[in-house]
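Report on the structure
Each chain, letter by letter, is given below.
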Amino acid sequence: MACAVTCPVWHCFGINKKPCFRVRAERLDGNDLSVVSTDVVSVKETTVPVVVGKGYLVDGGNGSLKSRTEKKMGCEELELLWDDGYGTNTVKDYVDAAKDMIKPDGGPPRWFCPVECGRPIKDSPLLLFLPGLDGVGMGLILHHKPLGKVFEVQCLHIPVHDRTPFEENQHYSFEYEGLVKLVEETVRLEHASRLNCPIYLVGDSIGGCLALAVAARNPSIDLVMILVNPATSLGRSRLQPFLPILEAFPDGLHVRTIPFLLSLVIGEPLKMAEVGVEGRLLPTQKIERISSNLTALLPFYSGLADILPTETLIWKLKLIKSASAYTNSRLHAVKAEVLVLASDKDHLFPSGEEGLRLKKLLPNCMIRIFKDNGHTLLMEDSMNLLTVIKENCLSCIISSICLHLRLCRLIFSAPWNCRFLNFASCSSLFSTMENGKIVKGLAGVPDEGPVLLVGNHMLLGMDLSSLCEAFLREKKILVRGVAHPELFWGNFHTSSNVFNFFDLMKVMGAMPVSPKSLLKALSTNSHVLLYPGGAREALHRKGEAYKLFWPNQPEFVRFAAQFGATIVPFGAVGEDDMAKVVFDYYDYMKIPMLNDRIKEVIRNGGVQIRDKAKGEVASQEIFIPGMIPKIPGRFYYLFGKPIKLKGREDLVENRESANEIYLQAKAEVERCIGYLLKKREEDPFRSIINRLIYRTFYAPLHQVPSFKP
């Protein structure tokens, strides 16, 4: 007897590739899950919305679900989030969802929308996920919540016992016309209704081949592709000789043996276990959480035998062989924007080498290499997919959508050197109220923009990441820094395919310094971070710590006055507790060979700014001084009394009055620096040893006490 149940409405809901009807989930004969047409879905134990194709079934009351056409779709705007939802799901959630989805239902490959993605905002771009070897379609489960805040997400599910070929085959019925045709029809249909919006294809492993094949057949459609360890390198893969061995195994061999052995080389267990373990936790809490997650991974390895039984695994390997050959023969036709995410520890495919090969072959291709991750990159830590998409600015549309959305997880999945710096410096922040009282925290900094934060640059810009993190954590404010153009399109931008500090700056909202960038940011009521001393302060010489090198023009005051912004001067100290400069620019220039080389690099490849500036501030040569690290001390920030310029439009034309405000801000920065240099001597936790002891037993990193203001 058929009965309506709620368990099929687990994390997602399956539909066929042409969803133009309402559906009901039923359990037939207690086994198979079927999807049948109906006017209303009866759900007795849940109020979670069931997502169907391009529409929604929303709670209609009395246990029924109504079509989205009867209830206007929400069009809430994006807002800044401290927690984007990444890390709330783990590999265990993937296993639980896969157990339900792999139950045979007799259906063909189909699209589904994960309920965890939530209701997409108005006019959000479409993201289609093409799964890897497993075919389940839940490979994005760690990223459902973050991606759902920006995209309308649809995932392809290929049933375990389905044998749909990669490309069309005349011996198959229409139902089995090929995976390429299935995805292609969906892309064309969506493109017809989204003419001014790109479609994002995320292809994992064999899904990467599928995405490239569709792009090659549809060069005129605006596609943006993210390929995760694509299987186009099968010819150089360890799987190549695996197929004859599998077929030669005797029938008596336990059917779980081969998939289990395969599971041991698919991913990096420690990286999977680190998902959801925040960097702010106490060390003892981290160890406990990671140990618990490692234990929870055991069902993943044993469950892979159910997801990929031996017969299915043999079929999938044949499918990969066909997909790789088909796709490689058509790479020349791919015109779409491509981002390759490659794992250096991928034990199935030489993904690092393949990424470099694709970068050479495809005209519009970027690559990001993850050194410590395995084949299952999307289910491992240090890889927030939405952060990666934003960092690489994939299409201007997604960049504008993400303008007000930044992710806290990027702080803790940042490059190792950034995480170590934040841990070692343990920043302590203070601010000044309007009555002149200094308080701990950022209460003295206005919550409403536009706000222009102006201060001194510490060595190598070490102050940036911890400062931005503090604003995100305490005030949920994104600080948009204006940085040297060299970081965006100069030598630093092209020096590495690995996610690094400069990529982190861009994700955090940094923009190239220019009057246009500053005016645009202030016009959107943003909190803008400006270092008037620029590279001259960040790459200063020996003995120049905490010395200001500001230009003589009060331009930032005039810009701030134009929009009625509030200027907040601040000082930062602590670089002398982290490193000592022993070899500076002047020392470089005394060596003839280095002298000529530096001048050649600056002349041919350097991005020059402040061409009209005079004096020390005009010396903006990009070089890295030689340093000796110290036993880490602590960073301190003090934000001075705000200078309100609302109603002071006269400063735009009156340079003399603007210069007075400029000198006032500069003097306040110097006062803040002097105050911190004196007061830090009273901090009982300035030493990293004392902080480690306190943090181990009492509080997270950002809650370690400091001196009393």
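Per an unreviewed UniProt entry, the protein goes by the name Acyltransferase-like protein chloroplastic and belongs to Gossypium australe. Its UniProt record, at the heading Sequence similarities (unreviewed entry), says of the protein: "Belongs to the diacylglycerol acyltransferase family."

A closer look at the overall build of the protein
Assigned secondary structure in the protein consists of 26 helices and 26 strands. The buried share among the 709 residues of the protein stands at 58%. Contacts spanning at least 24 positions in sequence make up 80% of the contacts within the protein whose residues lie at least 6 apart.

Section: the nonpolar core
By size, the foremost hydrophobic cluster in this structure holds 89 residues, and its most contacted members are Met 225, Leu 341 and Leu 385. A per-element tally of this core places helix H4 (residues 206–217) first, with 9 residues. Formed by 65 residues, the second largest nonpolar core is a distinct cluster that contains Val 528, Leu 529, Leu 548 and Phe 570.

Here we look at helix H22 (residues 555–562)
Across the 8 residues that make up H22, a large majority, 6, are buried. On its buried face, H22 sits against strand E18 (451–455), helix H20 (515–523), strand E21 (527–530), strand E22 (566–573) and helix H25 (655–679). Looking one or two places after H22, you find Gly 564, whose phi comes out positive at around 65°.

Focus on the packing of H4 against helix H10 (residues 310–328)
At a closest axis distance of 9 Å, the pairing of H4 and H10 adopts a crossing angle of 35°. Pair H4 / H10 crosses with left-handed handedness. In this structure, H4 contributes Ile 206, Cys 209, Leu 212, Ala 213 and Arg 217 to the contact, and H10 contributes Leu 319, Ile 320, Ala 323, Ser 324, Tyr 326 and Thr 327.

Details of the side chain of Ser 431
Summarising the element assignment, Ser 431 is placed in strand E16 (residues 428–432). According to the relative accessible area criterion, Ser 431 is buried, its value standing at 0%. Only 3.4 Å separates the side chain of Ser 431 from the backbone nitrogen of Ala 443, close enough to count as a polar contact. Leaving out residues up to four positions away in the same chain, Ser 431 has contacts with Lys 437, Ile 438, Val 439, Gly 441, Leu 442, Ala 443, Gly 444, Val 445, Leu 638 and Phe 639.

Considering a nonpolar patch on the surface
On the surface, a nonpolar cluster with roughly 570 Å² of combined accessible area is contributed by Ile 689, Leu 692, Ile 693, Phe 697 and Tyr 698. Position of Tyr 698 among the secondary structure elements: in the segment after helix H26 (688–697).

Notes on the pattern of salt bridges
Counted under the stated rule, the structure contains 25 salt bridges. A salt bridge links Asp 96 to Lys 92, with the shortest nitrogen-to-oxygen separation between them at 3.2 Å. With Asp 96 and Lys 92 both in helix H1 (residues 91–101) and 4 residues apart, this pair spans about one turn of that helix. Looking at Lys 92, the relative accessible area reads 42%, which means it is partly exposed. Salt-bridge contacts for Glu 354 lead to Arg 357; the nearest nitrogen and oxygen are separated by 2.7 Å. On the criterion of helical spacing, the pair formed by Glu 354 and Arg 357 is a turn pair, its members being 3 residues apart in helix H11 (residues 351–361). Looking at Glu 354, the relative accessible area reads 0%, which means it is buried. In this structure Arg 357 comes out as partly exposed when scored by relative accessible area, which is 27%.

Some details on the packing of H20 against H22
Running from N to C, H20 and H22 point in directions that differ by 30°, and their axes come no closer than 10 Å. Viewed along their axes, H20 and H22 form a crossing whose handedness is right-handed. In contact with Pro 515, Leu 518, Leu 519 and Leu 522 of H20, H22 contributes Phe 559, Ala 560 and Gln 562. Counted by class, the contact of H20 with H22 contains 6 nonpolar, 1 polar and no charged residues.

Details of unusual backbone geometry
Gly 449 connects to Pro 450 through a cis peptide bond whose omega is 0°. Examined against the element boundaries, Pro 450 turns out to sit in the loop between strand E17 (438–440) and E18. In this structure, Asn 229 takes a positive phi of about 45° despite not being glycine. Position of Asn 229 relative to the elements: it lies in the loop between strand E13 (223–228) and helix H5 (242–248). Not every positive phi belongs to a glycine, and Lys 476 is a case in point at roughly 55°. Along the chain, the position of Lys 476 falls in the loop between helix H16 (464–475) and strand E19 (479–483).

Considerations on the pairing of strand E15 (residues 365–370)
Counting buried positions over the 6 residues of E15 gives 5, a clear majority of the element. In terms of strand pairing, strand E14 (residues 337–343) meets E15 through 6 bridges, oriented parallel. Bridge pairing in E15 places Val 340 opposite Ile 367. You can see the chain leave E14, run along H11 and come back into E15, and the turn it takes is right-handed.

Observations regarding the confidence of the model for the protein
The predicted model of the protein has a mean per-residue pLDDT of 75, with 66% of residues at 70 or higher. No element of the protein has a lower mean pLDDT than strand E5 (residues 41–42), at 31, and none a higher one than strand E25 (residues 636–639), at 97. Low pLDDT, under 50, characterises residues 1–82; the stretch is placed with 182 contacts to residues that sit more than four places away or in other chains.

What to know about the environment of Leu 377
Examined against the element boundaries, Leu 377 turns out to sit in the loop between E15 and helix H12 (385–391). Distance in space between the C-alpha atoms of Leu 377 and Lys 345 is 9.8 Å, their sequence separation being 32 residues. Contact partners of Leu 377, with chain neighbours within four places excluded, come to Val 228, Asn 229, Leu 341, Ser 343, Phe 370 and Met 383.

Considerations on H25
Note: α-helices contain 3.6 residues per turn, so residues at a spacing of three or four share the same orientation. Compared with the 36 Å implied by 1.5 Å per residue over 25 residues, the 36 Å span of H25 between its first and last C-alpha is a close match. By the burial criterion, the buried members of H25 are Ser 657, Ala 658, Ile 661, Tyr 662, Ala 665, Glu 668, Val 669, Cys 672, Ile 673, Tyr 675, Leu 676 and Lys 679. Of the residues flanking the start of H25, the one acting as N-cap is Asn 654, its side-chain oxygen 3.2 Å from the backbone nitrogen of Glu 656.

A look at the side chain of His 457
Here His 457 shows up in the loop between E18 and H16. Under the relative-accessibility criterion, His 457 is labelled buried at 13%. Contact partners of His 457, with chain neighbours within four places excluded, come to Asp 463, Leu 464, Tyr 531, Gly 534, Glu 537 and Ala 538.

Cut-offs used in this document
- Residues numbered from 1 in each chain as written.
- Predicted model: local features only at pLDDT ≥ 70, side-chain atom pairs only at ≥ 80, totals over all residues.
- Heavy atoms only, no water.
- UniProt positions renumbered as here; feature names shortened; annotations may be inferred.
- Helix = DSSP H or I, 4+ residues; strand = E, 2+ residues; numbered from the N terminus.
- Buried < 20%, exposed > 50% of the residue type's maximum accessible area, 1.4 Å probe, protein only.
- Contact = heavy atoms within 4.5 Å.
- Core = buried A, V, L, I, M, F, W, Y, C linked by side-chain atoms within 4.5 Å.
- Axes fitted to C-alpha atoms, helices over the stretch in contact; angles between N-to-C directions.
- Left-handed = near helix turned anticlockwise from the far one by under 90°.
- Polar contact = N/O pair within 3.5 Å; in protein donor to acceptor, adjacent residues only side chain to side chain.
- Patch = residues over 30% accessible without salt bridge, like charges linked within 9 Å, V, L, I, M, F, W, Y side chains within 5 Å.
- Areas by Shrake-Rupley, 256 points an atom, 1.4 Å probe, with all protein chains shown as cover.
- Salt bridge = Lys/Arg side-chain N within 4 Å of Asp/Glu carboxyl O.
- Nonpolar A, V, L, I, M, F, W, Y, C, P; charged D, E, K, R; others polar.
- Pairing = 2+ DSSP bridges.
- Right-handed = clockwise from strand over helix to strand, strands pointing away.
- pLDDT = per-residue confidence, 0-100.
- Expected span 1.5 Å × (residues − 1).

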